[in-house]
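What follows is each chain in one-letter form.
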Amino acid sequence: MATKFTASQELDVFKDEKEGLYREVGNQAVWSLSSCKAGFGVEQLRDDSYDSYWQSDGPQPHLVNIQFRRKTTIQDVCIYTDYKADESYTPNRVSIRAGSHFNDLFEVEQIELNEPIGWISVPLKDGNGRPIRTFMIQIAILSNHQNGRDTHVRRIKIRSPVNKALKFTSLECLMRSNIR
Amino acid sequence: MLLHEPVQAAVWDALNHYNYRDATFLAERLCAEVSSDESLLLLATCYFRAGKPKQAYKLLQNKGYPTPELKFLYAKSCLEAGCCSEAEAVLAGNILTRPKTMDEIEIEFGNLACHVFNMLGALYSLTERTQKSVDCYRRSLKLNPLLWSSFEGLCKLGEKVDPANVFPVPNQACTNMVLQNTKLAHTVQNTPPIPITGLLSPVVDVPTSQPNVCNALFVEQNVDLLSSPEPGPLLSSQHTPDNCVGNVHDQIMGSIMLGPRPLRSVKKYKSTPQVEHNPPLNVLLGQYSPSFGILPVSTSNQGSTLAQNVTASLMTPSPAALQEKSNATKAPRKPTTRRTNQNQTLMPKPQSFNQPGNTMENNNMHTQNNPPNVRRSSRLFGHSNSSSVKENNKQQSKPRITSPRPVGGRKSKTRLSKSKQDISDVDKGEIITDIKATVPELQPQIQLAQMQQQSLAGILSLLQSLGHAYQALSEYSCRKAIDLFTSLPPHQMNTGWVLSQIGRAHFELQEYQEAEKNFKKILENEPYCIEGMEIYSTTLWHLQKEVELSSLAQKLGEIDLCSPEACCATGNCFSLQREHETAIKFFNRAIQVNNFFAYAYTLLGHEFVYTEELDNAMACFRSAIKVSPRHYNAWYGVGLIYLKQEKFCLAEINFRKALKINPQSSALLCHIGVVLHAQQKSDLALSTLDTAIATDPKNPLCKFHKATILFAKQKHKEALEELEELKRIIPKESLIYFLLGRVHKKLGNTDLALTNFSWAMDLDPKGVNNQIKESIEKRFNMEDDDALVRLSESDNGDVLPSGSNSSLMDADDMLQAVESDESL
């Protein structure tokens, strides 16, 4: 059962980071792709530019594998796609799987996108409604708009909740709470 | 051989005028013509001063370094080029070559010994040989008490040094020794070096306010003379060029004077001593008569005002002091006695200072004999001196009074690039003209000597005060340090360095507002100040002043982009914006720029903690500790990591280590308390927190943690007390109300609990602490469902930015809601 998503350009995925709620953990992981065109690979997927993108170059489903060194708590996965620019390359159905390794993945979420322009944030929750803890995440692009063969994805972010210790809210206490 | 080559003179001239291109070019030609040690030294110096230490290093590596000066320069360039081991091998020998003892080093390097020891101290401290480093620093200070960096090094190593011993303010008692030495000086060239302390040593508890002039300056000269194993001419040949602005004759004279090397450390700006600078200083100073660093000239007119400004700490550099032997210790104040003393004792004087006597006399232009040697000194002090001396002669019976207040002392003091003895006499020279009762037959050189002594006394007493204060700061007795620093004379206090130390003291006390004020003052007075600015940036980080922080970072970047302070400030700026990746980049840059800047490592470690890369963070903190073992922030950082990893025992060990270094830090005590509680040692935790509260009553965290622990131990009443107090101190902290809510819940005061929880939620608009909401739900799950619903509804509706009034009103509404429900 797929959740429907319509991307909105207004969704500010960076707001929570600024406020210290979430943190991007993609840097702590190893990224690999099932296939890519030369010059349109992981580098372009992970840079901070909306103009560069990953273009796949093989059979569907196209996979993005993200492997962490240690079990990481994942709050959500954010994907930036642009229907206006990519048309038939824009992903339509995306499955997000998690597990310990390639042979141990189970599907956590399946989403359906409808002409998305901008960021999509897919929260990953386990059975109890808490963020999942996993070694590996696989984003599988099952189909594209207009039945396109290859796909373009411009940016992907993986976010993890920041350590949930009690934090002071007032400046006076914050000032004195640590030595820097 | 006497230094008489015009080429060498020209090179030194170019160097003195910062014309490195010409200097290097000429030096290279000279080296090609005459391959001697002098020319090699000249060339290497040119490279080094032009900011190319690596070239100097390679050159000397190539050509060898037989003389001590060359060795020293080679070691210095090794240090700059990063080859510490070679530097050490050259200076002190290492395991492979026979290591030299300190005395051997002293003999070998003579005048340079103080600097050699200074460098060795730095080298040893970099390589963790603390004891040797301490010994070297101490030795260098003994030889030359004006080397502040040695003192700083000692403090940084955690050594307890007594500034009174290190910066001995001279008194009269040593005049005897002095005179004898002066006589000796001219006869014997090869006596073993006598450290200054030896000569200054009968410093019997001299209060800083009375630097009764010992012939300290002469003492030093003599020391220099005595300690130089070099044939005099060679020394002078090396020294004179510094000062010689192209006058060949002077160089000749210089060679005659067993040119002692004046305390070069004082020379910061190698400008030809131009008098013009001073007058404005004096004028500006108004009240404060400087105790060192004023040219006689300029102050001649202000002589009277100076005289009138008798401040407490006066010393009459009585000529009596000069005059040794006799009486005079009491007499000094009375002009008459002084005069008589002078008259009496003047006789022997001229003989002992035969040679210098000539030149010094000639310093006074009014005796218009002009042998070539005079020309130089007259050029240097010429117009000023003459008038001043004349003035002096005219003014009778004005007590010579100077206050130990330095005036731009540092600047003018540094015009001491004299090599010739006569110049070096006036070395510390540009001393205040004292409106002393001059007697017609008063020899000018006595005057000069006195002035020099005054100047020396002045700087030493200033260094002593600074030493006490800096030492206090190094031990983290911050209040004491602040008091000591603020008791300095205002014109010294308002300098960048002092203000930054005061700022740092406040910073260590976690009084960030005060610290900020001080740092702001620095930027007003000295916008070019960089040292200590990284602490300012962290202060702003704590205060979360984003705009100021980014403007500081920009300003520092403008001044010097490649300084570790600027990089740290920028890193802090990004860290405040929570862009930790970029902050990491900048802190890495700071480390690259200066490998030994411990604070950069610490800050980088903290950033890694934020990005939860604890292994990298640990590595950074450990590097910081490696660079500077007394960097308590790094120890704290290690403890913090263990705390996050819940290894409480290890965390406690590291926090305690940090505490040992910085015993007055209440934040550290708080953390230790928390860790103890986590290890179930709650009583110990409580007592630690009590200590913390006692140390710093203004720190709310101690109380908060204490309340938490009391609550955990079920001592609800006491917890409530603490929290109520806290509420009064910090009314807007959400966690206080959260804890209050929990306490009340435990006590069964449901309504109060609810009130507090709602306040807590109100005060936390961003929902940073989701646990509050969760715990409210949890706690009331069993109970009134309606109440819960109403609570969450009202919460959703009422989440406002905190204003206690509004939250009070909300609480009332909710109270009513709950009550009405319960009534049902």
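Predicted, not measured: the structure shown is a model, and the values here were computed from it. (Residues numbered from 1 in each chain as written. Chains lettered and ligands numbered in written order. Predicted model: local features only at pLDDT ≥ 70, side-chain atom pairs only at ≥ 80, totals over all residues. Heavy atoms only, no water.)

Student: Before we go on, may I ask you to explain the overall build of chain B in this structure?
Tutor: Counting its secondary structure elements, chain B contains 48 helices and zero strands. Here chain B, with 824 residues, has 59% of them falling under the buried criterion. Across chain B, every contact between residues at least 6 apart in sequence was considered, and the portion connecting residues at least 24 apart equals 65%. Carbon and sulfur atoms make up 55% of the accessible area of chain B, which totals about 32300 Å². (Helix = DSSP H or I, 4+ residues; strand = E, 2+ residues; numbered from the N terminus. Buried < 20%, exposed > 50% of the residue type's maximum accessible area, 1.4 Å probe, protein only. Contact = heavy atoms within 4.5 Å. Areas by Shrake-Rupley, 256 points an atom, 1.4 Å probe, with all protein chains shown as cover.)

Student: Sorry, what's going on with the overall build of chain A here?
Tutor: When its secondary structure is counted, chain A shows four helices and twelve strands. Within chain A, buried positions represent 52% of all 180 residues. Just so you have it, chain A exposes about 8500 Å², and 48% of that area is on carbon and sulfur atoms.

Student: How should the nonpolar core be read in this particular structure?
Tutor: Note on soluble globular proteins: their nonpolar side chains tend to be buried together. By size, the foremost hydrophobic cluster in this structure holds 103 residues, and its most contacted members are M533, F655, L668 and L723 of chain B. Contacts of L668 of chain B, omitting those with residues within four sequence positions, involve I179 of chain A together with Y632, Y636, F655, A658, L659 and N662 of chain B. Among the nonpolar cores identified, the runner-up in size contains 44 residues, and Y47, V90, M119 and L147 of chain B belong to it. (Core = buried A, V, L, I, M, F, W, Y, C linked by side-chain atoms within 4.5 Å.)

Student: So what exactly am I meant to see when it comes to the interface of chain A and chain B here?
Tutor: Accessible area lost upon the coming together of the parts serves often as the stated size of an interface. Taken residue by residue, the interface counts 28 residues in chain A and 51 residues in chain B. Among the residues of chain A in contact with chain B, R176, I179 and R180 of chain A are the three that bury the most area, contributing 32% of the side total. Here chain A is connected to chain B by four salt bridges. A salt bridge links R69 of chain A to D615 of chain B; its shortest N-O distance comes to 3.5 Å. Where chain A touches chain B, the interface holds 14 residue pairs in polar contact (both at pLDDT 80 or more). Looking at the side of chain A that touches chain B, the elements that each hand over two or more residues are α1 (15–18), β5 (62–74) and α4 (171–177) of chain A. Among the elements that make up the side of chain A that touches chain B, the one with the highest residue count is α4 of chain A (seven residues). Tallied by class, residues from the side of chain A that touches chain B come to nine nonpolar, eight polar and eleven charged. (Buried area = accessible area lost by both parts, 1.4 Å probe. Salt bridge = Lys/Arg side-chain N within 4 Å of Asp/Glu carboxyl O. Polar contact = N/O pair within 3.5 Å; in protein donor to acceptor, adjacent residues only side chain to side chain. Nonpolar A, V, L, I, M, F, W, Y, C, P; charged D, E, K, R; others polar.)

Student: Help me out: how do you make sense of the state of the cysteines in this one?
Tutor: Here, disulfide denotes a covalent bond that connects the sulfur atoms of two cysteines. All names here are of chain B. Under the defined criterion, the tally for this structure stands at zero disulfides over all chains. Note on C568: no disulfide assigned, nearest cysteine sulfur contributed by C567 at a separation of 7.0 Å. With relative accessibility at 0%, the residue C568 sits in the buried group. (Disulfide = S-S within 2.5 Å.)

Student: Where do I start with the side chain of Q471 of chain B in this structure?
Tutor: All names here are of chain B. With respect to the secondary-structure elements, Q471 resides in helix α27 (residues 444–474). Among the polar contacts made by the side chain of Q471, one reaches the main-chain carbonyl oxygen of E159 at a distance of 3.4 Å. Dropping the residues within four chain positions of it, Q471 is found in contact with C155, E159, K160, V161, D162 and P163.

Student: Which parts of the structure should I look at to understand the pattern of salt bridges?
Tutor: Oppositely charged side chains can form a pair if their charged atoms are brought close together. Throughout the structure, instances matching the rule amount to 33 salt bridges over all chains. The partner of D86 of chain A in a salt bridge is R154 of chain A, and the shortest N-O contact between them spans 2.9 Å. Of this pair, D86 of chain A sits in helix α3 (residues 83–86) while R154 of chain A sits in the loop between β11 (152–153) and β12 (155–161); the two residues are 68 residues apart in sequence, bridging distant segments of the chain. The burial state of D86 of chain A is the same as that of R154 of chain A; both residues are buried. Taking the shortest distance from any N to any O, the salt bridge between E108 of chain B and K100 of chain B comes out at 2.9 Å. One network of salt bridges, with partners in common, ties together E24, R46 and K157 of chain A.

Student: How should I be thinking about helix α10 (residues 148–156) of chain B in this particular structure?
Tutor: Within an α-helix, residues lying three or four positions from one another point in the same direction, as the helix has 3.6 residues per turn. Residues and elements named next belong to chain B. The buried fraction of α10 amounts to seven of the nine residues, a majority that puts the element mostly inside the structure. All of the buried residues along α10 are W148, S150, F151, E152, G153, L154 and C155. Those residues of α10 hidden inside the fold are in contact with α8 (113–126), α9 (130–143), α11 (163–166), α27 and α30 (496–508). Count one or two residues on from α10 and you reach G158, which has phi positive near 85 degrees.

Student: I tried to follow the sheet that holds strand β6 (residues 76–82) of chain A on my own but got confused; where do I start?
Tutor: Pairing between sheet strands relies on hydrogen bonds along the backbone, with the strands arranged either parallel or antiparallel. All names here are of chain A. In spatial order, the strands read β2-β12-β6-β9; together these four strands make up an open sheet with antiparallel pairing. Of all strands in the sheet, those bounded by a partner on one side alone are β2 (22–24) and β9 (117–123). Pairs of neighbouring strands in the sheet enclose a mean axial angle of 25 degrees, with direction left out of account. (Pairing = 2+ DSSP bridges. Axes fitted to C-alpha atoms, helices over the stretch in contact; angles between N-to-C directions.)

Student: Before we go on, may I ask you to explain α9 of chain B in this structure?
Tutor: With 14 residues, α9 of chain B should reach 20 Å at 1.5 Å per residue; the first-to-last C-alpha distance of 20 Å fits that figure. Within the span of α9 of chain B, buried status applies to S133, V134, C136, Y137, R139, S140, L141 and L143 of chain B. (Expected span 1.5 Å × (residues − 1).)

Student: Please explain the packing of aromatic side chains as it appears in this structure.
Tutor: Note on aromatic pairs: each is described by the distance of the centres and the angle between the planes. A complete count under the given rule lists 21 aromatic pairs over all chains for this structure. When the centroid spacing of 5.0 Å and the interplanar angle of 40 degrees are considered together, the rings of W148 of chain B and F151 of chain B count as tilted. Of this pair, W148 of chain B and F151 of chain B both sit in helix α10, three residues apart, roughly one helical turn. Neither residue differs from the other here; W148 of chain B and F151 of chain B are each classed as buried. Taking 5.4 Å as the distance between ring centres and 10 degrees as the angle between the ring planes, the aromatic pair formed by F574 of chain B and F586 of chain B counts as stacked. Of the two residues, F574 of chain B is situated in helix α34 (residues 564–576) and F586 of chain B in helix α35 (residues 580–593); the sequence distance between them amounts to twelve residues. A relative accessible area of 23% means that F574 of chain B is categorised as partly exposed. Residue F586 of chain B is classed as buried on the basis of its relative accessible area, which comes to 14%. Here the aromatic cluster, defined as three or more aromatic residues joined through ring pairs, consists of W148, F151, F167, Y470, F485 and W497 of chain B. In this structure, R155 of chain A packs its charged tip against the face of Y50 of chain A, placed 5.0 Å from the ring centre. Directly above the aromatic system of F25 of chain B lies the positively charged group of R29 of chain B, at a separation of 4.7 Å from the ring centroid. (Phe/Tyr/Trp six-rings, centres within 6.5 Å; stacked < 30°, edge-to-face > 60°. Lys NZ or Arg CZ within 6 Å of the ring centre and 35° of its normal.)

Student: I'm lost on the pairing of β6 of chain A in this one. Help?
Tutor: Two faces belong to every sheet, and in a regular strand the side chains alternate between them. Residues and elements named next belong to chain A. Extensive coverage of β6 is indicated by the burial of seven of its seven residues. Side-chain alternation along β6 places D76, C78, Y80 and D82 on one buried face and V77, I79 and T81 on a second face that is also buried. Examined bridge by bridge, β6 and β12 share five bridges and lie antiparallel to one another. Note that in β12 the partner of D76 across the bridge is R159. Bridge count for β6 against β9 is seven bridges, and the pairing is antiparallel. For V77, the partnering residue across the bridge sits in β9 and is V122.

Student: Can you help me understand a nonpolar patch on the surface in this one?
Tutor: All names here are of chain B. A contiguous nonpolar patch, built from V7, F25 and L26 and spanning about 210 Å² of accessible area, is present on the exposed surface. Locating L26 in the fold gives a position in helix α2 (residues 20–33). The exposure class assigned to L26 is partly exposed, which follows from its relative accessible area of 30%. (Patch = residues over 30% accessible without salt bridge, like charges linked within 9 Å, V, L, I, M, F, W, Y side chains within 5 Å.)

Student: What is the right way to read the packing of helix α37 (residues 614–627) of chain B against helix α38 (residues 632–644) of chain B from this model?
Tutor: Helix packing for two helices is described by the angle between their axes and how far apart those axes are. Residue and element names in this part refer to chain B. With their axes 8 Å apart at the nearest point, α37 and α38 run at an angle of 155 degrees to one another. Classed by the angle they form, the pair α37 and α38 counts as roughly antiparallel. In this structure, α37 crosses over α38, and the sense of that crossing is left-handed. Mapping the contact onto sequence places L614, A617, M618, F621, R622, A624 and I625 in α37 and A634, W635, G637, V638, I641, Y642 and K644 in α38. Class assignment of the residues belonging to the contact of α37 with α38 gives a composition of eleven nonpolar, one polar and two charged. (Parallel < 35°, antiparallel > 145°, perpendicular 65-115°, else oblique. Left-handed = near helix turned anticlockwise from the far one by under 90°.)

Student: Just checking my understanding: could you explain the environment of D48 of chain A for this structure?
Tutor: All names here are of chain A. Relative to the elements of secondary structure, D48 occurs in the loop between α2 (42–46) and β4 (54–55). A sequence separation of 107 residues divides D48 from R155, and the C-alpha atoms of the two residues are 7.5 Å apart. Side-chain polar atoms of D48 contact the side chain of R155, separated by 3.3 Å.

Student: How should I be thinking about the confidence of the model for chain B in this particular structure?
Tutor: A low pLDDT score tells you not to read the predicted coordinates there in detail. All names here are of chain B. Per-chain confidence: chain B averages 71 in pLDDT, with 61% of residues scoring 70 or above. The low-confidence segment residues 785–789, where pLDDT is below 50, has four contacts with residues more than four positions distant or belonging to other chains. Considering only residues more than four positions removed or in separate chains, one finds that residues 793–824, a stretch of pLDDT under 50, has 30 contacts. With a pTM of 0.70, the predicted complex shows an ipTM of 0.77. (pLDDT = per-residue confidence, 0-100.)

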